[in-house]
Amino acid sequence: MRVTYPHMGHTWICVKSLLEYLGVEVVIPPPTSKKTMQLGVMHGPEFACMPLKLNLGNLMEAAELGADTVVMAGGCGPCRFGYYAQVEHAILNDLGYRYQLIVLEPPEKHIGELIGKIRYLTQKRSWLKVMQGIRLGYLKARAVDQAEQRAYYSRPRELKPGATERALNRALEQIIAARTPEAMPAALTTALEIMDSVPVDRQRPVVRIGLVGEIFTLLEPFANLEIERRLGSMGVEVDRSIHLSEWVNDHLFRGLIKSARSSKPAQEKGLAYLGHMVGGHGLETIGSTILYAEQGFDGVIQLLPFTCMPEIVAQSILPQISADLGIPVMTLIVDEQSGEAGMMTRLEAFVDLLKRKGEVTA
């Protein structure tokens, strides 16, 4: 069994460590690229959202490296992600790729099936070993999130252009190198020391923007055209409303880790404007925008893939929140036609608007 899974930002670091700790051979797809997108667009449904197309391209590229088993998350509710694994598997089968598909559904829906699939995937390793592997994967997810959050602060304040990106790459190398849960505290300490060593101007004025929207588009730099790095170079400190470790704790651990950041406050805030769940992260998008306004952020950017239903619902409500709370909101919709020039023009205009608004307020 040679297991692969689609890319979503730095998720591969956590999943690879978990599976290899359990003795599973892992095949990581090449980094997502224009070739990946072209493969997905060529063979995927025209009106499917970008995540499906990129996932499809990832899996086609992984097959060329010898992968024979796909592990993907499942889901339920209005968001179409819940059946994307089956759609992708059918397409790959029609193209002649003979993958075995393992879909891990949310535990509150199919606990017996989930247990059986984990046992199969790990070749019936002991539950103690499995739990340790899960712990290692979670610790890595949390460490990656903490390193990225340090990068949010230093990017717009760095004294040497590119210093933050170089430090982040070195910090991630420390996290990747840790092989056991016991090695993670030291790896995290070293990674954060590397991030804190970036020379910054703490007095430099910056614009603060919250990023909200669909999880894949927020986490995958190729999908969002590296918006965090681009905004940082414009003097913007960003904060992403969704992080991987937060999602894992909320949806897989059911909030067991009390010290972890949670999406629950955003969901509760969102109910004031959206009275029920609409699937995906639509409710969190609404609630996070409210929280960013209350925390004094200068603006909010919503990111979503074209045709994403939950985020389209959220998009229709954001203008009212913007008017009620006085926080500028811009929506960026991405697909295979999105280009760097168009995004940069919109980002520069939005950041300039926020800077001017801040000057008037001051």
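Reference entry: report on the structure contained in this document. For every chain, the first residue of the written sequence is number 1, and numbering continues from 1 along that sequence. Confidence filtering applies because this is a predicted model: local features only for residues at pLDDT of at least 70, side-chain atom pairs given and counted only at 80 or more, and all residues used for totals across whole chains, interfaces and linings. Each side-chain value is worked out from all heavy atoms of the structure, with water and hydrogens disregarded.

With respect to the overall build of the chain
In terms of regular secondary structure, the chain is built from 15 helices and eight strands. Computed over the C-alpha atoms, the radius of gyration of the chain is 20 Å, within 12% of the 21 Å expected from 2.2 N^0.38 for a compact globule of 362 residues. Across its three principal directions, the C-alpha atoms of the chain cover 65 × 45 × 40 Å. Any two residues having at least one pair of non-hydrogen atoms within 4.5 Å are treated as being in contact. Contacts spanning at least 24 positions in sequence make up 73% of the contacts within the chain whose residues lie at least 6 apart. Of the roughly 16500 Å² of accessible surface on the chain, a fraction of 57% belongs to carbon and sulfur atoms. For this count, His and the chain ends are skipped, Lys and Arg are scored as positive, and Asp and Glu as negative. Charge positions come from single atoms, namely NZ of Lys, CZ of Arg, CG of Asp or CD of Glu. Positive and negative side-chain charges of the chain, numbering 38 and 40 respectively, have mean locations separated by a distance of 5 Å. Secondary structure follows DSSP: runs of H or I at least 4 residues long count as helices, runs of E at least 2 residues long count as strands, and numbering of each begins at the N terminus. Our radius of gyration is a C-alpha quantity, and the globule rule it is checked against amounts to 2.2 Å times the number of residues to the power 0.38. Accessible surface is estimated by sampling points in the Shrake-Rupley manner with a 1.4 Å probe; for residues, cover comes only from the protein chains shown.

A few points about helix α3 (residues 50-64)
Along an α-helix, residues three or four positions apart point the same way, because every turn accommodates 3.6 residues. What a helix is expected to span follows from its residue count: subtract one and scale by 1.5 Å. End to end, α3 covers 22 Å across 15 residues, agreeing with the expected 21 Å (1.5 Å per residue, within 8%). Remark: Gly66 follows α3 within two positions and exhibits a positive phi of approximately 105°.

Section: the pattern of salt bridges
A pair is scored as a salt bridge if a Lys or Arg side-chain nitrogen falls within 4 Å of a carboxyl oxygen belonging to Asp or Glu. Counting across every chain of the model gives 12 salt bridges. The salt bridge partner of Glu165 is Arg155, with a shortest N-O separation of 2.4 Å. Of the two residues, Glu165 is situated in helix α7 (residues 163-177) and Arg155 in the loop between α6 (127-154) and α7; the sequence distance between them amounts to 10 residues. Residue Arg230 is joined to Glu340 by a salt bridge in which the shortest nitrogen-to-oxygen separation is 3.2 Å. Note that Arg230 is positioned in helix α10 (residues 227-233) and Glu340 in helix α15 (residues 340-361), a separation of 110 residues in sequence. Residue Glu340 is classed as partly exposed on the basis of its relative accessible area of 48%. Counted as one network, the salt bridges with shared partners bring together Glu148, Glu228 and Arg240. Accessibility here uses a 1.4 Å probe with only protein chains present; expressed as a share of the type maximum, an area under 20% marks a residue as buried, one over 50% as exposed, and anything in between as partly exposed.

Points about the packing of aromatic side chains
Note on ring pairs: Phe, Tyr and Trp rings are taken, using the six-membered ring of Trp, and paired if centres are within 6.5 Å. Classes follow the plane angle, with under 30 degrees stacked, over 60 edge-to-face and the rest tilted. One pass over the full model with this rule turns up two aromatic pairs. Plain terms: the ring middles of Tyr83 and Tyr84 are 5.8 Å apart, the flat faces sit at 85° to each other, and that makes the pair edge-to-face. Residue Tyr84 is classed as buried on the basis of its relative accessible area, which comes to 5%. Residue placement shows Arg157 over the ring face of Tyr153; its charged tip is 3.9 Å from the ring centre. Should the NZ of a Lys or the CZ of an Arg lie within 6 Å of a ring centre and within 35 degrees of the ring normal, that charge is described as sitting over the ring.

Regarding the nonpolar core
Among the buried residues, those of types Ala, Val, Leu, Ile, Met, Phe, Trp, Tyr and Cys that are joined through side-chain atoms within 4.5 Å form a nonpolar core. Grouped together as the largest cluster of nonpolar side chains are 37 residues, with contacts concentrated most on Ile209, Leu231, Ile301 and Leu347. Of all the elements, α15 adds the most residues to this core, at six residues. Excluding residues that lie within four positions of it along the chain, Leu231 makes contacts with Ile209, Leu211, Val236, Val238, Ile301, Leu347 and Val351. Counting residues in hydrophobic clusters, the runner-up holds 32 residues, among them Leu19, Leu172, Ala191 and Ile194.

Digging into the side chain of His243
Structurally, His243 can be placed in the loop between β6 (236-240) and α11 (244-251). Here a polar contact means two N or O atoms within 3.5 Å. Within protein one must be a hydrogen donor candidate and the other an acceptor candidate, and residues neighboring in sequence count only if both atoms are side-chain atoms. Separated by 3.3 Å, the side chains of His243 and Tyr152 make a polar contact. Among all residues touching His243, those that are not within four sequence positions of it are Asp145, Gln149, Tyr152 and Arg261.

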